[in-house]
Amino acid sequence: MMGLKQAIDALRRGEVVALPTETVYGLGGVATKDAAVERIFAAKGRPRDNPLICHFFDAEHILPFVKDVPPYWDALLQAFSPGPVSYRLPLPQESTLRPAVAGQSTVVCRIPNQPLCLEVIRQLQQPIAAPSANTSGRVSPTTAEMVEVDLGHRIAGVLDGGPCLYGLESTILDCCESSRITILRPGAVGPDEIVAALKQAGFSNVSVSYAEGTQQAVVPGSKYRHYAPEQTLLRVPSVHDVPDDVSCAVLVSQESWAARAWPDSVVPVILGSRSDLPAVARELYQHIKSLDEHHVDAAYYVEEEWGDSSLGRAIANRLNRASEL
Ligand code: TXA
Ligand code: MG
């Protein structure tokens with residue numbers, strides 16, 4: 001663990017430091033320093049074609065780093081930043097962010113709403129590249145302790161900002177088109193809120209929708225396994241598909257756990273109630289991670305109806321990617 005000044009000094013030297021954000025902890029390095037970007041990829045074991053999100057202090061800080069912003073840009077930023085939303089924008093041909101974006105001609109920008117993190121960026125006056133602070137493929141950390149256990153020995157330190165408020169990564173919006181926004185990764189903020197905010201600012205002509213099919217390939221990270229525990233997590237359609245003659249852990253909502261009589265061989269990992277999705281999101285990654293602490297022969301996720309709200313979709317998205325059929 002390190003203090004604010006230590007964290008800033010280490011980043012200035014080109015080292016990498018885990019930083020708290022309101023979504024998940026990020027593994028930060030100064031985005032314009034090639035050596036720092038290289039250290040981020042190395043510490044995570046991240047595939048070299050998977051670009052890093054860049055974090056900025058405020059709206060003015062972003063502008064010199066991007067080629068173009070859409071007409072609705074000010075309205076969008078006004079409504080959702082600082083906050084759990086990231087924006088994909090075109091990158092100028094010549095850019096100091098080239099190494100951070102791993103060959104893309106775009107950059108995903110975010111203004112986090114976490115006072116310690118904002119203070120770090122403000123003092124450095126440079127964008128901070130920060131993917132989630134986990135070994136590539138594993139769950140994102142939502143506490144400083146989770147980062148310490150996973151990456152502590154491979155990074156300069158962790159700035160402890162307490163548990164993350166949301167617990168799920170930011171919503172990623174593709175803002176490269178002038179009258180259409182595509183949601184590339186679901187998160188706490190969804191299309192209804194975005195449409196309402198834009199309409200209020202006079203942009204009722206902008207369509208907002210979730211990425212479908214090939215549009216999802218816009219995010220290089222979506223082709224890699226993510227959010228997975230070490231134990232293989234099998235996805236089953238119903239509580240009755242969990243075997244009663246195998247020692248296993250089962251990841252279920254409170255409601256689904258109550259829907260069956262269970263044998264002693266099944267250890268419950270209760271995700272919380274479907275009626276309190278913010279709480280489910282906040283603790284989701286700790287619950288997935290905890291599957292590795294039970295000494296069982298198998299782990300199951302009973303596929304749930306998380307609903308159509310933005311958080312419901314985000315929770316379903318992470319659980320489906322963490323598990324396999
Ligand atoms: O909440 C968050 O967004 C957290 C915190 C730390 O800010 N960050 C985060 O970063 O989740 P990461 O690297 O774990 O996920 C970023 C995703 C990856 O799937 C990556 O492929 C995609 O965003 N991405 C980054 N830059 C991109 C770009 N220029 N074009 C398309 N996809 C991009
Ligand atoms: Mg990640």
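Residues numbered from 1 in each chain as written. Chains lettered and ligands numbered in written order. Predicted model: local features only at pLDDT ≥ 70, side-chain atom pairs only at ≥ 80, totals over all residues. Heavy atoms only, no water.

A. Main features of the pattern of salt bridges. Inspection of every chain in the model, using the stated rule, returns 13 salt bridges. Sharing partners across several salt bridges, the network here consists of K5, D9 and R12. (Salt bridge = Lys/Arg side-chain N within 4 Å of Asp/Glu carboxyl O.)

B. Region of the structure containing the domain arrangement of the protein. For the protein, the domain assignment lists domain 1 (4-217) and domain 2 (233-322). With centres defined by C-alpha atoms, the gap from domain 1 to domain 2 works out at 28 Å. Together, the buried faces of domain 1 and domain 2 total about 1,400 Å²; carbon and sulfur atoms form 63% of this surface. Among the residues of domain 1 in contact with domain 2, V139, L168 and P186 are the three that bury the most area, contributing 37% of the side total. Where domain 1 touches domain 2, the interface holds one salt bridge. Taking the shortest distance from any N to any O, the salt bridge between R318 and E169 comes out at 2.9 Å. (Domains from an automatic or database assignment. Buried area = accessible area lost by both parts, 1.4 Å probe.)

C. Fine view of the sheet that holds strand β11 (residues 233-236). Across the sheet, which stays open at both edges, the four strands sit in the order β11-β14-β12-β13 with parallel pairing between neighbours. Looking at which strands have only one partner, the edges of the open sheet turn out to be β11 and β13 (266-270). Mean inter-strand twist for the sheet, computed between neighbouring axes without regard to direction, equals 30°. Of the pairings in the sheet, the one linking β11 to strand β14 (residues 298-302) comprises four bridges and is parallel in character. Its bridge partner being in β14, V236 is matched across the sheet by V302. (Pairing = 2+ DSSP bridges. Helix = DSSP H or I, 4+ residues; strand = E, 2+ residues; numbered from the N terminus. Axes fitted to C-alpha atoms, helices over the stretch in contact; angles between N-to-C directions.)

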